[in-house]
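Observations on the model geometry
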Amino acid sequence: MDYSIESLPLDKLETDCIVLGIYENQSLSPSAALIDLLTQGLITQLIERGDILGKNAETLLINYIPDNTIKRILLVGFGNQKETTAKQYRKALTAAITILKASKINSADCALIDIDVQKSDIQWKTRQIIEVFNDAIYQFQTTKSEKGTKPCINSIKINTAKEFKEQAELGLRHGIAIAQGVDLTKLLSDLPGNICTPTYLAEQATNIASKADKMTVEILEESDMEALGMGSFLSVSRGSRQAAKLIILNYQGGKKADKPIVLVGKGLTFDAGGISLKPGIGMDEMKYDMCGGATVLGTLQAAAKMNLDINIVGIIPSSENMPDGDANKPGDVVTSMSGLTIEILNTDAEGRLILCDALTYAKKFDPEVVIDLATLTGACLVALGRVPSGILGNDDALCDDLITASKTACDSLWRLPLWEEYYEQLKSNFADLANIGGRDAGTITAACFLSRFTEGYRWAHLDIAGTAWRSGGINKGATGRPVPLLSQYLIDRANG
Ligand code: BES
Ligand code: MN
Ligand code: ZN
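One structure accompanies this document, and this report is about it.

The rules behind the values
- Residues numbered from 1 in each chain as written.
- Chains lettered and ligands numbered in written order.
- Predicted model: local features only at pLDDT ≥ 70, side-chain atom pairs only at ≥ 80, totals over all residues.
- Heavy atoms only, no water.
- Buried < 20%, exposed > 50% of the residue type's maximum accessible area, 1.4 Å probe, protein only.
- Helix = DSSP H or I, 4+ residues; strand = E, 2+ residues; numbered from the N terminus.
- Pairing = 2+ DSSP bridges.
- Right-handed = clockwise from strand over helix to strand, strands pointing away.
- Donors = N, O, S within 2.8 Å, 3.2 Å for Na, K, Ca; no water.
- Tetrahedral: all angles 85-135°; square planar, octahedral: opposite > 155°, others 65-115°.
- Salt bridge = Lys/Arg side-chain N within 4 Å of Asp/Glu carboxyl O.
- Patch = residues over 30% accessible without salt bridge, like charges linked within 9 Å, V, L, I, M, F, W, Y side chains within 5 Å.
- Areas by Shrake-Rupley, 256 points an atom, 1.4 Å probe, with all protein chains shown as cover.
- Contact = heavy atoms within 4.5 Å.
- Expected span 1.5 Å × (residues − 1).
- Arc of directions from axis to C-beta.

Moving on, we get to the pairing of strand E5 (residues 107-111). In terms of burial, E5 is a largely internal element, four of the five residues being buried. Examined bridge by bridge, E5 and strand E6 (residues 155-159) share four bridges and lie parallel to one another. In the sheet register, serine 107 faces E6, and the bridge partner there is serine 155. The parallel pair E5 and E6 is bridged by helix H4 (residues 122-137), and the resulting crossover is right-handed.

We now examine the coordination of the zinc ion (ligand 3). Surrounding the zinc ion (ligand 3) are the protein donor atoms Lys266 (NZ), Asp271 (OD), Asp289 (OD) and Glu350 (OE), which sit 1.9 to 2.4 Å from the metal. One can describe the donor arrangement at the zinc ion (ligand 3) as octahedral, given that its six donor atoms subtend angles of 77 to 177° at the metal. You can call lysine 266 buried: its relative accessible area is 2%. With a relative accessible area of 2%, aspartate 271 lands in the buried category.

In this section: the pattern of salt bridges. Pairing between side chains of opposite charge can happen when the charged atoms of each approach one another. For the structure shown, the criterion picks out 20 salt bridges. Notably, a salt bridge pairs lysine 245 with glutamate 221, separated by 2.7 Å at the nearest N-O pair. Of this pair, lysine 245 sits in strand E8 (residues 245-252) while glutamate 221 sits in the loop between strand E7 (215-220) and helix H7 (222-228), and the two are 24 residues apart along the sequence. According to the relative accessible area criterion, lysine 245 is buried, its value standing at 10%. Across the pair lysine 259 and aspartate 366 runs a salt bridge, and its minimum N-O distance is 3.6 Å. On the criterion of sequence distance, the pair formed by lysine 259 in the loop between E8 and strand E9 (261-265) and aspartate 366 in the loop between helix H10 (351-362) and strand E14 (369-374) is long-range, its members being 107 residues apart. Residue lysine 259 is classed as partly exposed on the basis of its relative accessible area, which comes to 42%. With a relative accessible area of 47%, aspartate 366 lands in the partly exposed category.

All of the protein donors around the manganese ion (ligand 2) are Asp271 (OD), Asp348 (O), Asp348 (OD) and Glu350 (OE); their distances to the metal are 2.0 to 2.2 Å. One chain supplies every donor for the manganese ion (ligand 2), spaced along it as D-x76-D-x1-E. The zinc ion (ligand 3) is placed at 3.2 Å from the manganese ion (ligand 2), the two being bridged by aspartate 271. Taken together, the residues aspartate 271 in strand E10 (residues 267-271) and glutamate 350 in the loop between strand E13 (341-344) and H10 connect sequence positions 79 residues apart. Each of the two residues, aspartate 271 as well as glutamate 350, counts as buried.

Spatial strand order, E12-E13-E17: three strands in an open sheet with mixed pairing. The outermost strands of the open sheet, each flanked by one partner alone, are strand E12 (332-335) and strand E17 (433-434). The pairing of E13 with E17 spans two bridges and is parallel. Among the inter-strand pairings, isoleucine 342 is bridged to a residue of E17, identified as leucine 433.

What follows is about a nonpolar patch on the surface. A grouping of Leu34, Leu37 and Leu38 is seen on the molecular surface, where their side chains present a nonpolar patch of about 270 Å² in accessible area. By secondary structure assignment, the location of leucine 34 is in helix H1 (residues 30-38). Classification of leucine 34 by relative accessible area gives partly exposed; the value is 37%.

Now for the environment of valine 262. Relative to the helices and strands, valine 262 resides in strand E9. In this structure the C-alpha to C-alpha distance between valine 262 and leucine 201, which are 61 residues apart in sequence, comes to 18 Å. Discounting chain neighbours no more than four positions away, the residues touching valine 262 are Val313, Ile315, Ala362, Phe365, Pro367, Val369, Val370 and Ile371.

Taking 1.5 Å of rise per residue, 14 residues should cover 20 Å, and helix H6 (residues 198-211) covers 20 Å from first to last C-alpha, within 8% of that figure. Listing the buried residues of H6 in full gives Pro198, Leu201, Ala202, Gln204, Ala205, Ile208 and Ala209. Each buried residue of H6 lies within a common arc of 160° when the element is viewed along its axis, so the set occupies one face. Turned more than 90 degrees away from the buried face of H6 sit Ser210 and Lys211, all of them exposed. Check the buried side of H6 and you find it contacts helix H5 (165-190), E7, E8, E10, helix H9 (291-306) and strand E11 (311-321).

So, in structure tokens, the structure goes:
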């Protein structure tokens, strides 16, 4: 899809379709009011007839406009004008793109920048239009022999008054970079485990780095990890025929001396559970256990395209977790890179076993902060469902910054406590700590485990088990979350 900013006056417009906003009290947005004038009150007549009330996400496609260079009008409802929230704005945008997709329209002019949205500016609205529209037109096709019919819509011009053009252009640049990052994350996540292996992820990382001026890549092989003493990570990959990789991306957008923001993403390209084998139903969805890693790749690509003036390091421990004669067994004790020994009471709690060594490795970069992303616990789904990602951490300011970014990006987070009482659950008779903490508070004890490897730096953990993909049925597919949230966090750091 091609996105651009256009600041032509509406009476000069030639377009297949113009998208306009109306509100619940049947009042029109400034652009809608102008088009109403230019069409001899067409919109007002349809409102008076009761064809559209302006409720949030309501739509009306006027398919034919006599004697006009504007061929169609798509009206979209934004609800109460004084109270239109970010969520309502996005909901209306989703409704608009649904109609554009379903129709035979090739290109549209979107005049929805003039909608009043609480606590938002032109730049934000431009970005949201691109992010929401692009999310809706994503189609996974790689492994289908009959490529699905693509939507006709291939060009969106975002209409804005001349004086706002500069702000809109910045929103456009960021919006496109983030949307492409989301696309990449979704594609890698949706690919099956037999294609998207640790080696494949390493190749993709190399590819991303080669296309960005300020990014370099390093891939550590199992022998390198052996030399570093990553006994915990390697114990997981031992049960797999696929070679594990530790992928490291380094984006140098800032000054040499600036401490980097380090992003660590769980890259389990398939999690069968190992000897503690998972049940068969829904096991295919464990191809998504690399969504954290894919998020790191999507976010770094976006940061590079936005040319942010900060330093960022991405670390992706990547492996499979399979049952095998050489796999971890319940009761095994392994030694992590930090020196802490771990009793593996359940081989399905493998994410923390690969992440702990990656988190120890992160120290080497003298990080400003470390943020890890992981589809870590089914318990997170039980606690929070599929709405927010869970966040836990050892630094209130970092967690607050991430939560602030999540609100701006409409990619929500909810914080869970990391209190000392919970650490009791990880005690082991045979090692420094156990890899599971029992049934209670599974998301929290997983984070407690990780926190034992993050001493000495500011750290936050995002459990994205409920948010990285949609489960089951026809809707199954990756969401690309939390790329928008992390991109926003990085934008905020670059500005301040
Ligand atoms: N990748 C899973 C977590 C997961 C499960 C994410 C379902 C999304 C949906 C992780 O490796 C895992 O298996 N965790 C176990 C931990 C348990 C053994 C303590 C879980 O959540 O059941
Ligand atoms: Mn598991
Ligand atoms: Zn897993």
